[in-house]
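One-letter residues, chain by chain:
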Amino acid sequence: MRRWAPAWTEALKARAARYALERSLGPFLEERLRLEQLSLDLRGGTGTLRHLRLRAAAVDEVLAGLGAPLELREGCLAAVTVTVPWAALGSGCRVTVTGLRLALGPREWRLAPCHPPPGLSHPPPGALSPP
């Protein structure tokens, strides 16, 4: 009985992998993935993406949600390699990041304006100064 996967050409496998990666990583990348950025060795269980620029606003939204005191202004990755151990799928996979460069700055927290509760007014000038 012939399996379907061996019938796939390398180009078709690369396009399928690019599609899956764009669906999960696309919102965090500045540009769409190009096939030249992707190298696959499905039998060996590895895939590598190269030369990625991060979409700072999307990554920073995640950081802000986590309460991070820093915001991402710019970022890029030289390579991300994912290794999946086919023989032990339940053991997890390994992700290796090389050439990570991040430009971070302090987060500017914006406070809500201070307004008195309904029914109260601001005290007159000098009312809170000592006698």
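Numbers given to residues run from 1 along each chain, matching the order in which its sequence is written. Where local features are concerned, this predicted model is filtered to residues with pLDDT of at least 70; where side-chain atom pairs are given and counted, the filter is 80 or more; whole-chain, interface and lining totals use all residues. Values shown for side chains rest on all heavy atoms present in the structure; no hydrogens or waters enter the calculation.

We count it as follows: UniProt positions are given in the numbering used here, feature names are shortened, and annotations may be inferred rather than shown by experiment.
Looking at an unreviewed UniProt entry, one finds the protein named Autophagy-related protein 2 and attributed to Rissa tridactyla. Taken directly from UniProt, the Sequence similarities (unreviewed entry) text for the protein runs: "Belongs to the ATG2 family."

### Examining the overall build of the protein
To be explicit about the condition: Only runs of H or I of at least four residues qualify as helices and only runs of E of at least two qualify as strands under DSSP, and these elements are numbered from the N terminus. Only protein chains enter the area calculation, which uses a 1.4 Å probe; residues under 20% of their type maximum are buried, those over 50% are exposed, and those in between are partly exposed. Contacts between residues were defined by any pair of non-hydrogen atoms, one from each residue, lying within 4.5 Å. For every accessible area listed, the method is Shrake-Rupley and the probe measures 1.4 Å; residues are considered covered only by the protein chains on display.
If you tally the helices and strands in the protein, you get two helices and five strands. Helices and strands appear in the protein in the N-to-C order α-β-β-α-β-β-β. Expressed as a percentage of the 131 residues in the protein, the buried residues total 22%. Within the protein, counting contacts between residues at least 6 apart in sequence, those at least 24 apart form 53% of the total. When the accessible surface of the protein is summed, it comes to about 10300 Å², and 62% of that surface belongs to carbon and sulfur atoms.

### With respect to the pattern of salt bridges
As a reminder, the rule being used: A pair is scored as a salt bridge if a Lys or Arg side-chain nitrogen falls within 4 Å of a carboxyl oxygen belonging to Asp or Glu.
Considering all chains together, one arrives at eight salt bridges under this definition. Its salt-bridge partner being glutamate 36, residue arginine 34 comes within 3.4 Å of it at the nearest N-O pair. For aspartate 60, the salt bridge is made with arginine 107, and the minimal N-O distance between the two is 2.8 Å. Separated by 47 residues along the polypeptide, aspartate 60 in helix α2 (residues 56-65) and arginine 107 in the segment after β5 (101-106) bring together distant segments of the chain. A relative accessible area of 14% means that aspartate 60 is categorised as buried. A relative accessible area of 11% places arginine 107 in the buried class. Salt bridges sharing partners connect three or more residues here, namely Glu31, Arg34, Glu36 and Arg53.

### Quick look at the side chain of glutamine 37
Rules: Side-chain atoms alone can form a polar contact between residues adjacent in sequence; in general such a contact is a pair of N or O atoms within 3.5 Å, and within protein one must be able to donate a hydrogen while the other accepts it.
Examined against the element boundaries, glutamine 37 turns out to sit in the loop between α1 (10-25) and β1 (38-41). Exposure remark for glutamine 37: the relative accessible area of 5% places this residue in the buried category. A polar atom in the side chain of glutamine 37 sits 2.8 Å from the backbone oxygen of histidine 51. When near neighbours in sequence (up to four residues on either side) are disregarded, glutamine 37 contacts Arg32, Thr48, Leu49, Arg50, His51 and Leu52.

### Brief notes about a nonpolar patch on the surface
As a reminder of what qualifies: To count toward a patch, a residue needs a relative accessible area over 30% and no salt bridge; like charges are then connected within 9 Å, while nonpolar side chains (Val, Leu, Ile, Met, Phe, Trp, Tyr) are connected within 5 Å.
Taken together, the side chains of Leu70, Val82, Val95, Val97, Leu100, Leu102 and Leu104 define a hydrophobic patch exposed on the protein surface, amounting to about 560 Å² of accessible area. Elements with a minimum of two residues in the nonpolar patch: β3 (70-83), β4 (94-98) and β5. Among the residues examined, valine 97 registers a relative accessible area of 42% and is labelled partly exposed.

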